[in-house]
Amino acid sequence: MPNKSADQATLIVIKPDGLKKSLTGNILTRLSETKLEIVAAKMVRVSRELAAEHYRHLQDKPFFEDVLRYLMGEFHDRYKVMALIYWGENAITKCRSLAGATNPEEADSVSIRGSYGRITTRGVYENVVHVSANPEDAQREIKLWFNPDEVIVDLYPSKKVVETVEKREWV
Ligand code: UDP
Ligand code: MG
(Lines give C-alpha, C1' and ligand atoms only; values in the text may rest on other atoms or scores of the structure.)
(Ligands and ions follow the chains in the order given, each with its own letter.)
Protein backbone atom coordinates (compact mmCIF):
# COMPACT_ATOMS: atom_id res chain seq x y z
CA MET A 1 0.00 0.00 0.00
CA PRO A 2 1.52 3.38 -0.92
CA ASN A 3 2.25 5.92 1.81
CA LYS A 4 -0.59 8.32 2.59
CA SER A 5 1.98 11.10 2.60
CA ALA A 6 5.52 11.12 1.27
CA ASP A 7 6.71 12.89 4.42
CA GLN A 8 5.98 10.12 6.94
CA ALA A 9 9.27 9.12 8.50
CA THR A 10 12.62 10.64 9.34
CA LEU A 11 15.92 9.42 10.66
CA ILE A 12 17.02 11.27 13.80
CA VAL A 13 20.59 10.98 15.03
CA ILE A 14 21.70 12.45 18.35
CA LYS A 15 25.29 13.27 17.45
CA PRO A 16 28.32 12.75 19.73
CA ASP A 17 28.19 16.34 21.09
CA GLY A 18 24.55 15.79 22.10
CA LEU A 19 25.55 12.67 24.05
CA LYS A 20 28.67 14.25 25.58
CA LYS A 21 26.66 17.27 26.75
CA SER A 22 24.05 14.93 28.24
CA LEU A 23 21.33 16.34 26.02
CA THR A 24 19.58 13.09 25.04
CA GLY A 25 16.64 13.68 27.39
CA ASN A 26 16.29 17.34 26.42
CA ILE A 27 16.36 16.56 22.69
CA LEU A 28 13.82 13.73 22.99
CA THR A 29 11.58 15.95 25.13
CA ARG A 30 11.73 18.71 22.51
CA LEU A 31 10.97 16.21 19.72
CA SER A 32 7.98 14.87 21.67
CA GLU A 33 6.25 18.19 20.88
CA THR A 34 5.75 16.76 17.37
CA LYS A 35 3.49 13.99 18.77
CA LEU A 36 5.18 11.63 16.31
CA GLU A 37 5.81 8.01 17.16
CA ILE A 38 9.28 6.56 17.74
CA VAL A 39 9.35 3.30 15.75
CA ALA A 40 13.05 2.41 16.11
CA ALA A 41 15.92 3.37 18.43
CA LYS A 42 19.44 2.15 19.06
CA MET A 43 22.97 3.18 20.02
CA VAL A 44 25.44 3.03 17.14
CA ARG A 45 29.23 3.15 16.93
CA VAL A 46 29.64 4.96 13.63
CA SER A 47 32.24 3.54 11.24
CA ARG A 48 33.99 5.69 8.65
CA GLU A 49 32.04 3.78 5.96
CA LEU A 50 28.68 4.58 7.58
CA ALA A 51 29.60 8.24 8.10
CA ALA A 52 30.85 8.60 4.51
CA GLU A 53 27.71 7.00 3.07
CA HIS A 54 25.46 9.07 5.35
CA TYR A 55 27.16 12.32 4.33
CA ARG A 56 27.92 11.35 0.72
CA HIS A 57 26.19 14.52 -0.56
CA LEU A 58 29.02 16.49 1.09
CA GLN A 59 31.93 14.46 -0.32
CA ASP A 60 33.25 17.33 -2.46
CA LYS A 61 33.13 19.88 0.36
CA PRO A 62 36.36 21.01 2.05
CA PHE A 63 34.84 20.13 5.45
CA PHE A 64 33.89 16.53 4.47
CA GLU A 65 36.68 14.91 6.50
CA ASP A 66 35.74 17.02 9.55
CA VAL A 67 32.03 16.07 9.42
CA LEU A 68 33.00 12.39 9.18
CA ARG A 69 35.25 12.73 12.23
CA TYR A 70 32.49 14.65 14.02
CA LEU A 71 29.84 11.94 13.41
CA MET A 72 32.30 9.17 14.31
CA GLY A 73 32.89 10.90 17.66
CA GLU A 74 36.54 11.76 17.25
CA PHE A 75 36.11 15.38 18.37
CA HIS A 76 34.28 14.40 21.55
CA ASP A 77 35.93 11.16 22.62
CA ARG A 78 32.41 9.68 22.53
CA TYR A 79 32.34 6.96 19.92
CA LYS A 80 28.60 6.54 19.80
CA VAL A 81 25.41 8.17 18.58
CA MET A 82 21.73 7.45 19.20
CA ALA A 83 19.73 6.71 16.04
CA LEU A 84 15.93 6.82 15.98
CA ILE A 85 13.11 6.82 13.46
CA TYR A 86 10.22 9.23 14.03
CA TRP A 87 7.07 8.26 12.19
CA GLY A 88 3.83 10.11 11.43
CA GLU A 89 2.27 12.88 9.37
CA ASN A 90 4.83 15.44 8.12
CA ALA A 91 7.58 13.89 10.22
CA ILE A 92 10.44 15.57 8.35
CA THR A 93 8.91 19.04 8.32
CA LYS A 94 8.00 18.87 12.01
CA CYS A 95 11.40 17.54 13.16
CA ARG A 96 13.45 19.89 10.98
CA SER A 97 11.45 22.83 12.22
CA LEU A 98 12.16 21.91 15.86
CA ALA A 99 15.83 21.17 15.06
CA GLY A 100 16.43 24.56 13.42
CA ALA A 101 18.85 25.64 10.69
CA THR A 102 22.08 23.74 9.92
CA ASN A 103 24.25 26.65 11.08
CA PRO A 104 23.59 26.94 14.84
CA GLU A 105 24.31 30.69 14.73
CA GLU A 106 21.51 31.13 12.19
CA ALA A 107 19.13 28.67 13.83
CA ASP A 108 16.14 30.06 15.70
CA SER A 109 17.45 30.58 19.22
CA VAL A 110 14.76 28.39 20.80
CA SER A 111 15.27 25.55 18.31
CA ILE A 112 17.34 22.52 19.38
CA ARG A 113 20.35 23.60 17.33
CA GLY A 114 19.90 27.24 18.34
CA SER A 115 19.81 26.27 22.02
CA TYR A 116 22.61 23.70 22.10
CA GLY A 117 24.71 23.99 18.93
CA ARG A 118 27.99 25.83 18.38
CA ILE A 119 30.52 26.50 15.63
CA THR A 120 33.94 25.23 16.62
CA THR A 121 37.21 27.09 16.01
CA ARG A 122 37.84 24.47 13.26
CA GLY A 123 34.65 25.75 11.62
CA VAL A 124 32.52 22.62 12.15
CA TYR A 125 28.84 23.18 12.86
CA GLU A 126 28.29 21.07 15.97
CA ASN A 127 24.52 21.06 15.91
CA VAL A 128 23.75 18.08 18.21
CA VAL A 129 21.11 16.43 16.03
CA HIS A 130 20.63 15.08 12.51
CA VAL A 131 17.23 15.13 10.80
CA SER A 132 16.64 13.83 7.25
CA ALA A 133 16.19 16.64 4.71
CA ASN A 134 13.47 15.18 2.45
CA PRO A 135 11.56 11.90 1.88
CA GLU A 136 14.17 10.51 -0.56
CA ASP A 137 17.01 11.16 1.90
CA ALA A 138 14.89 9.76 4.75
CA GLN A 139 14.32 6.49 2.91
CA ARG A 140 17.99 6.18 1.95
CA GLU A 141 19.19 7.02 5.47
CA ILE A 142 16.67 4.79 7.28
CA LYS A 143 17.69 1.84 5.07
CA LEU A 144 21.35 2.65 5.70
CA TRP A 145 21.04 2.83 9.51
CA PHE A 146 18.36 0.19 10.25
CA ASN A 147 17.42 -3.33 9.21
CA PRO A 148 13.70 -4.03 8.65
CA ASP A 149 13.61 -6.17 11.84
CA GLU A 150 14.72 -3.20 13.95
CA VAL A 151 11.71 -1.11 12.92
CA ILE A 152 8.34 -1.91 14.51
CA VAL A 153 6.25 -0.81 11.51
CA ASP A 154 6.56 -1.68 7.81
CA LEU A 155 7.96 1.57 6.47
CA TYR A 156 9.23 0.23 3.16
CA PRO A 157 8.82 -3.08 1.33
CA SER A 158 11.10 -5.82 2.66
CA LYS A 159 11.62 -9.52 1.99
CA LYS A 160 12.50 -12.51 4.14
CA VAL A 161 15.86 -14.14 3.41
CA VAL A 162 17.28 -17.32 4.87
CA GLU A 163 21.00 -17.23 5.51
CA THR A 164 23.42 -19.54 7.21
CA VAL A 165 25.58 -17.63 9.62
CA GLU A 166 28.56 -18.74 11.62
CA LYS A 167 28.21 -17.49 15.18
CA ARG A 168 29.75 -18.06 18.59
CA GLU A 169 27.71 -19.64 21.35
CA TRP A 170 28.35 -20.49 25.01
CA VAL A 171 29.84 -23.94 25.62
N1 UDP B 1 28.18 21.08 8.25
C2 UDP B 1 29.26 21.88 8.62
N3 UDP B 1 29.52 23.01 7.88
C4 UDP B 1 28.77 23.36 6.79
C5 UDP B 1 27.69 22.54 6.43
C6 UDP B 1 27.42 21.40 7.17
O7 UDP B 1 29.94 21.60 9.60
O8 UDP B 1 29.07 24.41 6.16
C9 UDP B 1 27.89 19.87 9.04
C10 UDP B 1 26.75 20.08 10.04
O11 UDP B 1 27.05 19.32 11.21
C12 UDP B 1 25.56 19.53 9.30
C13 UDP B 1 26.17 18.36 8.53
O14 UDP B 1 27.46 18.83 8.16
O15 UDP B 1 24.54 19.12 10.19
C16 UDP B 1 25.38 17.93 7.31
O17 UDP B 1 25.16 19.03 6.46
P18 UDP B 1 23.77 19.27 5.72
O19 UDP B 1 24.00 20.31 4.69
O20 UDP B 1 23.21 17.95 5.28
O21 UDP B 1 22.87 19.93 6.87
P22 UDP B 1 21.66 19.32 7.76
O23 UDP B 1 20.80 18.49 6.85
O24 UDP B 1 22.30 18.52 8.88
O25 UDP B 1 20.93 20.52 8.30
MG1 MG C 1 21.39 16.92 5.61
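Residues numbered from 1 in each chain as written. Chains lettered and ligands numbered in written order. Predicted model: local features only at pLDDT ≥ 70, side-chain atom pairs only at ≥ 80, totals over all residues. Heavy atoms only, no water.

**Regarding the overall build of the protein chain**
On a plain count of helices and strands, the protein chain comes out with 7 helices and 6 strands. Taken over C-alpha atoms, the radius of gyration comes to 17 Å for the protein chain, in line with the 16 Å a tight globule of 171 residues would show. Each of the three principal axes of the protein chain carries a C-alpha extent, and together these read 50 × 40 × 35 Å. The buried share among the 171 residues of the protein chain stands at 43%. For the protein chain, restricting intrachain contacts to residue pairs at least 6 apart in sequence, the fraction spanning at least 24 positions comes to 73%. For the protein chain, the accessible surface area stands at approximately 10600 Å², while carbon and sulfur atoms represent 49% of it. Of the charged side chains in the protein chain, 25 are positive and 25 negative; the average position of the first set lies 3 Å away from that of the second. (Helix = DSSP H or I, 4+ residues; strand = E, 2+ residues; numbered from the N terminus. Rg over C-alpha atoms; globule rule 2.2 N^0.38 Å. Buried < 20%, exposed > 50% of the residue type's maximum accessible area, 1.4 Å probe, protein only. Contact = heavy atoms within 4.5 Å. Areas by Shrake-Rupley, 256 points an atom, 1.4 Å probe, with all protein chains shown as cover. Lys, Arg positive; Asp, Glu negative; His and termini not counted. Charge placed at Lys NZ, Arg CZ, Asp CG, Glu CD.)

**A short note on the nonpolar core**
The biggest cluster of nonpolar side chains holds 25 residues, and the ones touching the most others in it are Val46, Leu71, Ile85, Trp145 and Phe146. Looking at this core, the elements that each hand over two or more residues are β1 (9-14), β2 (37-44), α3 (48-54), α4 (64-72), β3 (81-87) and α7 (135-145). When residues of this core are assigned to their parent elements, the largest contribution, 5 residues, is made by α4. Those residues in contact with Val46 that sit more than four places away from it in its chain are Ala51, Leu71, Met72, Val81 and Trp145. If you look at the next biggest cluster of nonpolar residues, it comprises 18 residues, including Ile12, Ile27, Ala99 and Val131. (Core = buried A, V, L, I, M, F, W, Y, C linked by side-chain atoms within 4.5 Å.)

**Some details on the side chain of His130**
Mapped onto the fold, His130 is located in strand β6 (residues 129-131). His130 gets classed as buried once you look at its relative accessible area, which sits at 8%. A polar contact is formed between the side chain of His130 and the side chain of Glu141, at a distance of 2.9 Å. (Polar contact = N/O pair within 3.5 Å; in protein donor to acceptor, adjacent residues only side chain to side chain.)

**Considerations on the site of ligand 1**
Taken together, 13 residues are adjacent to ligand 1, and His57, Thr102, Arg113, Tyr125 and Asn127 come closest. With respect to ligand 1, the side chain of Thr102 contributes an N or O atom lying 2.5 Å from an oxygen atom. A distance of 2.8 Å separates an oxygen atom of ligand 1 from a polar backbone atom of Tyr125. (Near = heavy atom within 4 Å.)

Limitation: the analysis is restricted to geometry and does not speak to function.
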